[in-house]
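Summary of structural features
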Amino acid sequence: MTVTRRHDGELHLNRRAFLTLGAGSFLGVVASWRHATLQSPDSLPGTGPSGRLWDPARAGRPLEPVTTADNDAVIRAIEKQLHCTCGCNLDVYTCRTTDFTCTVSPAMHEQVVDLAAQGMTGPQIIDQFVRQHGVAILMAPPKRGFNLAGYFVPSLAIIAAGVVLTLVLRRWARTAAPDPVPARPLAAAGTPEELERLRGELDRLSV
Amino acid sequence: MLELVAGILLAAGAVYFVLRPIFRPQLTGNGNREPGNGSDGEDPEDDFSPRAVALRALKEIEFDRATGKLSDADYDALKNRYTAEALTALRAERPGSEKRETGNVAAPPFPVSRVPFPVCPTHGPRPEADAVFCSECGRRLATAPGYCARCGTALERDAHYCHSCGARVAA
Amino acid sequence: MTLLGTLALWLALLVGVWGALAGFVGGLNGRADLAHSARHAVFAMCGALLVAVVSLEWALFQHDFNVEYVAAYTSRNLPIFYTWSALYAGQKGSLLFWATVLSVFGSLALVLTPRHHRELLPYVAGVVSLAAAFFVSVMLFGHANPFQRLPYTPLDGNGLNPQLQNPGMVFHPPMLYLGYISITIPFAFAIAALLSRRLDTDWLVAIRKWTLLSWLFLSIGICLGMWWAYVELGWGGYWAWDPVENASLLPWLTMTAFLHSVMIQEKRGMLKKWNLALIIGSWLLSIFGTFITRSGVISSVHSFTQSSVGYFFLAFLIVAGTASFALYTSRLPLLAAEARLESMVSREASFLFNNLLFIGIAFSVLWGTLFPILSELVQGTKVTVGPPFFNQVNIPLGLALLALTGIGPLIAWRRASIPNLQRQFAVPGTVGVFTALILLVAGMRDFYALMAMALGGFVAGTVVQEFARGARARHRQYGEGYALALGRLLARNRRRYGGYIVHTGIVILFVAFAGMAFKTETEASLRPGESASIKSPYGWTYRLTHLGISQYDALNRQVTAATLEVTRDGKRLGVLTPEKRQHVDGLGRPTFQPSSEVGIRSDLREDLYVVLGGVVNGTEQAVFRFTINPLVWWVWYGGMIIALGGLIVMWPGGSPAAKRSQAGYAVRLVGEDR
């Protein structure tokens, strides 16, 4: 709501003018109150006072208002698979929503939105980016050719090592196992005095 | 200028400090006087003599059974085996001597010569004539073959002198 | 003071080289005088490097901008806290910091090591001197001398990178460095044991304790790093599988593997070769990490500026790796196992599988980190290996490891039998299944998250059961009250039960990681008075109302702060003020790009994370990103519990005399009645 006051000149008021002003301001307050209650529910784009900042340069690069495409789940899913080329090592979505000084990721975002608006599907858009920039544009290498080694060598190595380990352990266990319970006579060899001493030693150890 | 002087003084001090043990070995000959780290600062868990390992194993077997991890059959088998091991270790350590347990029975005759009684680097001469390990701390004793007679260090193969204390190795 | 600093560096190099020579020669030839001189060399090096550090700090605090390092990383208006931490903010300073900390650790190791490891010490002094001398030589010969002067004196310095102006920056790098650097000590002991051929189990004590210390510092450093990334970088997560993060994780994994497998060597005299290899490997991985961080070979968010320094490290890595490997293989015959495995079903076997997984994960992380290089070599195309790749490969492995965390403690050492295992697994297994069922009923459908939480329940069940059964056993045996029994159980078996506390911390971490599967985010541009709402995975709705933007000057920055009122399901929670900061130097000139300062509202269940992106057309209409990160605090709590458990494990035991007086757990001997 805007309020204007006249400070220039003298204040001449007759009765009628005074009443008009009173009624006007009442209506104004009511109108603005209604306006306020209307505004508060949820975002009404384009409403509300938004004054200029004292020094906009301090707030970084000027941004565009958020559109529905920016929050679109499909767009977001696509962008999370694309690597931002600004050198930040992040995906396009994370970069554009984190490093607001970056101009590369918003441009790539624009391109994704444009391609989607042309009716291309997610995989098609991604293919388009790969054609344009090479496979390094993908956050994870595609699963084909040598890249399969990237995905499966660790798991295969672990499985192979696990199998070898199991076999080795089994052999170790077998070579060590052959005495089921032959130890009884062995231990009985201890004289009562020795056993007593062993007991003493054990009592000193705390577990 | 002041800095340069400070730097030179620092360098001189450091060089003196580093080279002193070489030029005047007698001053530092005793070497390695670590603050009170004999045996009393140490965890008994750090003792890896066969005796200690076997005793700990016995304790653990008992505890595993008490918490229900060992079946009776496994318990018996393991128990037998490690009791036997512990007994072997105990016998090897001090054949038929109960002296240490009963305390100082008439101050043990500390020998003057270093031959007849084995010596622990930390606890001095041992009362048991043929001990291989110290009965105080379980450390290997000097007379064991392959170990220095003076300080108990493991020797290099075919060494003529101990690489730790420099003592001549008996042929 | 830069002249003094440079002189101190040269002195450190000289003394270090002498220390390495004297240490190795003294050790190998049994020259006590040389060995002693090597010991003094480490102390002298420590002194010289401390003088260098003091000189650099002096230059920093004096704002001596003629010194290039001071001008590059500080400014007149930098808060004093960060002026101090600028010591390790840049490449050159961090090399000095590294060498200094190494020499301090080396001196401590020489002073604190008990007497009967004496014959290892000359070699330890040699290895420490050599490594520290290498770092000093990188500074002196790799154009990385922090005391270098400029041909002119700038009016004011460049200031510290805003992202480093965070309390996390003061603590995270030193902790990580302490962990990284202290690995050198166990490595030095391992080399010493190999050189001196004293390869019985005794030397392990020295190694184990230092490894534990190093592991503790590294764990705390990694957790602080996650915290710093979360509160400062603004992308709303704490782990991005960045090469530098991976580099810190690698030695942590191998050391954790060592801390488990060392128990087998202590109890059974097995796995000597493996344990030594793990220690040597951990150290090489820490040097490898340094190489990655400083060379720029692999692109990373927070590497230092690219420079030739990296190649020094590569050369060092190759030489040190070859030398240690040659020494190791030459001593293999001395490392025969003393015992055999008694059963496939035993704690030993489960530890071996745990080691397999730790090393497997380390390998897969290393593999992924290096895969871009490999791909370029093999197929000639550059690929990007990002979080999706690492998650796909490592989440299943991590879950398998979590499962083993629960399975291992339930199996007895030496041997176990199936009926017993059934009894042991009954309670924890039930807890795990129930956790899964409850979460399924509650509507959780993410497979990995569900698995992580169910396994978390299982492991937690294991830990509780272990404490409960242990306490009950003591109660039965000595008639101690349950509280006393529990206390004594922990006090007398610090390693075992401290380890279980670490396991608890790990469970909490995994649950927290699982929570991130339910991260939700949205962007909105709001004028003052407008509001946006975001739905939490718990079902309630946050409403954030933009109240307006204020701009003001702080000490070394110009702040643009948005104020948002937060309500949850209509209940007012408070106000969040995410900021944009334009840092300036003492003359009011802008120094870096504007950075974001996030607003975070946390509770145990979730964090509301608000980033101010910027403003539209210079008006108060602002662009925000709102993120809900479930269970983030559990990461920090998990980290604290891990640190606590590590401390308990490390806590020194009393004297044998004191232990003797505490009655232990009675053992019945064969032939006695049960």
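Quick look at the overall build of chain A now. For chain A, the count of helices and strands is eight helices and zero strands. Walking chain A from its N terminus toward its C terminus, one meets helices and strands in the order α-α-α-α-α-α-α-α. For chain A, with 207 residues in total, the buried portion stands at 32%. Accessible surface, chain A: about 12800 Å² in total, of which carbon and sulfur atoms supply 62%.

Check the secondary structure of chain B and you find five helices and two strands. Every one of the 171 residues in chain B was classed for burial, and the buried ones make up 45%. A total of about 8800 Å² of accessible surface is found on chain B, and carbon and sulfur atoms cover 59% of it.

When you line up the elements, Asn246(C) lands in helix 10 (residues 243-268). Reaching out from Asn246(C), the side chain makes a polar contact with the backbone oxygen of Trp241(C) at a distance of 3.5 Å.

A few words now on the environment of Ile279(C). Take Ile279(C): it is sitting in helix 11 (residues 272-295). Taking the C-alpha atoms as reference points, Ile279(C) and Ala257(C), 22 residues apart in sequence, are found 9.7 Å from one another.

Next up on the list: the packing of aromatic side chains. This structure, assessed with the given rule, holds 42 aromatic pairs over all chains. Their ring planes at 10° and their centres at 5.4 Å tell us that Phe146(A) and Phe371(C) sit as a pair that is stacked. One end of the pair, Phe146(A), is in the loop between helix 5 (122-133) and helix 6 (147-176); the other, Phe371(C), is in helix 13 (residues 347-378), on a second chain. Residue classification places Phe371(C) among the buried residues on the basis of a relative accessible area of 0%. Here the aromatic rings of Phe187(C) and Trp283(C) are separated by 4.0 Å at their centres, their planes lie at 10°, and the arrangement is stacked. In this pair, Phe187(C) is assigned in helix 8 (residues 184-196) and Trp283(C) in helix 11, connecting sequence segments 96 residues apart. The pair formed by Phe187(C) and Trp283(C) is uniform in burial state, with each residue classed as buried.

In this section: the pattern of salt bridges. Inspection of every chain in the model, using the stated rule, returns 29 salt bridges over all chains. For the salt bridge of Glu60(B) with Arg496(C), the shortest nitrogen-to-oxygen distance reads 3.6 Å. Separated into two different chains, Glu60(B) in helix 3 (residues 50-66) and Arg496(C) in helix 18 (residues 494-515) make up a pair that spans both. Neither Glu60(B) nor Arg496(C) differs from the other in exposure class; each is buried.

Turning our eyes to something else, we now look at the confidence of the model for chain A. Residues and elements named next belong to chain A. On average, residues of chain A score 74 in pLDDT, and 67% of them are at 70 or above. Counted against residues more than four places away or in other chains, residues 1-11, with its pLDDT under 50, gives one contact. Throughout residues 33-47 the model reports pLDDT below 50, and contacts reaching past four residues in sequence, or to other chains, amount to 24 contacts.

This part is about the interface of chain A and chain C. Taken together, the contact between chain A and chain C spans 79 residues of the former and 92 residues of the latter. Of the roughly 7000 Å² buried where chain A meets chain C, counting both sides, 60% is carbon and sulfur surface. For the interface between chain A and chain C, the tally reads three salt bridges. For Asp553(C), the salt bridge identified is with Arg58(A), shortest N-O distance 2.8 Å. Taken together, the connections running from chain A to chain C amount to 19 residue pairs in polar contact (both at pLDDT 80 or more). Sorting the residues of the side of chain A that touches chain C by element identifies helix 3 (92-96), helix 6, helix 7 (183-188) and helix 8 (192-204) of chain A as the ones contributing at least two each. Looking at which element gives the most residues to the side of chain A that touches chain C, the answer is helix 6 of chain A, with 18 residues. Here the side of chain A that touches chain C is built from residues that sort into 41 nonpolar, 22 polar and 16 charged.

Quick look at the pairing of strand 4 (residues 557-568) of chain C now. Residues and elements named next belong to chain C. Most of strand 4 sits inside the fold, with nine of its 12 residues counted as buried. Taken together, the five bridges between strand 4 and strand 5 (residues 571-576) define a ladder with antiparallel strand orientation. Looking at strand 5, one finds that Glu565 is bridged to Val575.

Its 21 residues give helix 14 (residues 387-407) of chain C an end-to-end C-alpha distance of 29 Å, which sits within 8% of 30 Å, the value for a rise of 1.5 Å per residue. Asn394(C) marks the point of greatest bend in helix 14 of chain C, at about 35°, and the proline Pro396(C) comes within the next four residues.

Our focus in this paragraph is the packing of helix 14 of chain C against helix 16 (residues 447-478) of chain C. Residues and elements named next belong to chain C. Between helix 14 and helix 16, the shortest axis-to-axis distance is 8 Å and the interhelical angle comes to 15°. It follows that helix 14 is roughly parallel to helix 16 by the angle criterion. As helix 14 packs across helix 16, the resulting crossing turns out to be left-handed. The residues of helix 16 that touch helix 14, namely those facing Ile395, Pro396, Leu399, Leu402, Ala403, Thr405, Gly406 and Ile407, are Tyr448, Met451, Ala452, Leu455, Gly456, Phe458, Val459 and Thr462. By residue class, the composition of the contact of helix 14 with helix 16 is 12 nonpolar, four polar and no charged.

With that settled, the discussion passes to unusual backbone geometry. A positive phi angle is found at Trp241(C), which is not glycine, with a value near 55°. Positionally, Trp241(C) belongs in the loop between helix 9 (203-233) and helix 10.

As a further point, take the packing of helix 4 (residues 104-117) of chain A against helix 5 of chain A. Residues and elements named next belong to chain A. Viewed as axis vectors pointing N to C, helix 4 and helix 5 meet at an angle of 130°, and their least axial separation amounts to 10 Å. The angle between the axes of helix 4 and helix 5 places the two elements in the oblique class. You can see that helix 4 and helix 5 cross each other, and the crossing is right-handed. Taken together, the residues of helix 5 that come into contact with helix 4 (itself represented by Met108, Gln111, Val112, Leu115 and Ala116) are Ile125, Gln128, Phe129 and Gln132. Of the residues contributing to the contact of helix 4 with helix 5, the split by class is six nonpolar, three polar and no charged.

Looking now at the sheet that holds strand 8 (residues 599-602) of chain C. Residue and element names in this part refer to chain C. Strand order across the open sheet formed by four strands is 1-10-9-8, with antiparallel pairing between neighbours. This sheet does not close on itself; its edge strands, each paired only once, are strand 1 (520-526) and strand 8. Mean inter-strand twist for the sheet, computed between neighbouring axes without regard to direction, equals 15°. Of the pairings in the sheet, the one linking strand 8 to strand 9 (residues 606-615) comprises four bridges and is antiparallel in character. Within the sheet, the bridge partner assigned to Gly599 lies in strand 9 and is Val610.

The subject of this paragraph is the pairing of strand 2 (residues 531-535) of chain C. Two strands pair when backbone bridges link them, and strand 2 of chain C and strand 3 (residues 541-554) of chain C are joined in this way by five bridges, in the antiparallel orientation. When the sheet's bridge partners are listed, Ser531(C) is paired in strand 3 of chain C with Thr545(C).

All names here are of chain C. Along the chain, Thr113 turns up in the loop between helix 5 (91-112) and helix 6 (121-141). Overall, Thr113 belongs to the buried group, its relative accessible area being 3%. At 2.4 Å, the side chain of Thr113 and the backbone oxygen of Ala109 are in polar contact.

Take the environment of Ile373(C) next. Within the secondary structure layout, Ile373(C) lies in helix 13. Between the C-alpha atom of Ile373(C) and that of Thr384(C), which follows or precedes it by 11 residues, the distance is 10.0 Å.

Leu9(C), Leu96(C), Phe105(C), Val136(C), Phe189(C) and Tyr238(C) are the most contacted members of the largest nonpolar core, which has 214 residues in total. Ranked by residues supplied to this core, first place goes to helix 9 of chain C with 19 residues. Excluding residues that lie within four positions of it along the chain, Tyr238(C) makes contacts with Met226(C), Ala229(C), Tyr230(C), Glu245(C), Ala512(C), Phe513(C), Met516(C), Val632(C), Val635(C) and Trp636(C). Within the second largest apolar cluster, 22 residues are counted, among which are Leu53(A), Leu526(C), Ile549(C) and Phe626(C).

About the thresholds
- Residues numbered from 1 in each chain as written.
- Chains lettered and ligands numbered in written order.
- Predicted model: local features only at pLDDT ≥ 70, side-chain atom pairs only at ≥ 80, totals over all residues.
- Heavy atoms only, no water.
- Helix = DSSP H or I, 4+ residues; strand = E, 2+ residues; numbered from the N terminus.
- Buried < 20%, exposed > 50% of the residue type's maximum accessible area, 1.4 Å probe, protein only.
- Areas by Shrake-Rupley, 256 points an atom, 1.4 Å probe, with all protein chains shown as cover.
- Polar contact = N/O pair within 3.5 Å; in protein donor to acceptor, adjacent residues only side chain to side chain.
- Phe/Tyr/Trp six-rings, centres within 6.5 Å; stacked < 30°, edge-to-face > 60°.
- Salt bridge = Lys/Arg side-chain N within 4 Å of Asp/Glu carboxyl O.
- pLDDT = per-residue confidence, 0-100.
- Contact = heavy atoms within 4.5 Å.
- Buried area = accessible area lost by both parts, 1.4 Å probe.
- Nonpolar A, V, L, I, M, F, W, Y, C, P; charged D, E, K, R; others polar.
- Pairing = 2+ DSSP bridges.
- Expected span 1.5 Å × (residues − 1).
- Bend = angle between axes of the 7 residues up to and from the residue.
- Axes fitted to C-alpha atoms, helices over the stretch in contact; angles between N-to-C directions.
- Parallel < 35°, antiparallel > 145°, perpendicular 65-115°, else oblique.
- Left-handed = near helix turned anticlockwise from the far one by under 90°.
- Core = buried A, V, L, I, M, F, W, Y, C linked by side-chain atoms within 4.5 Å.

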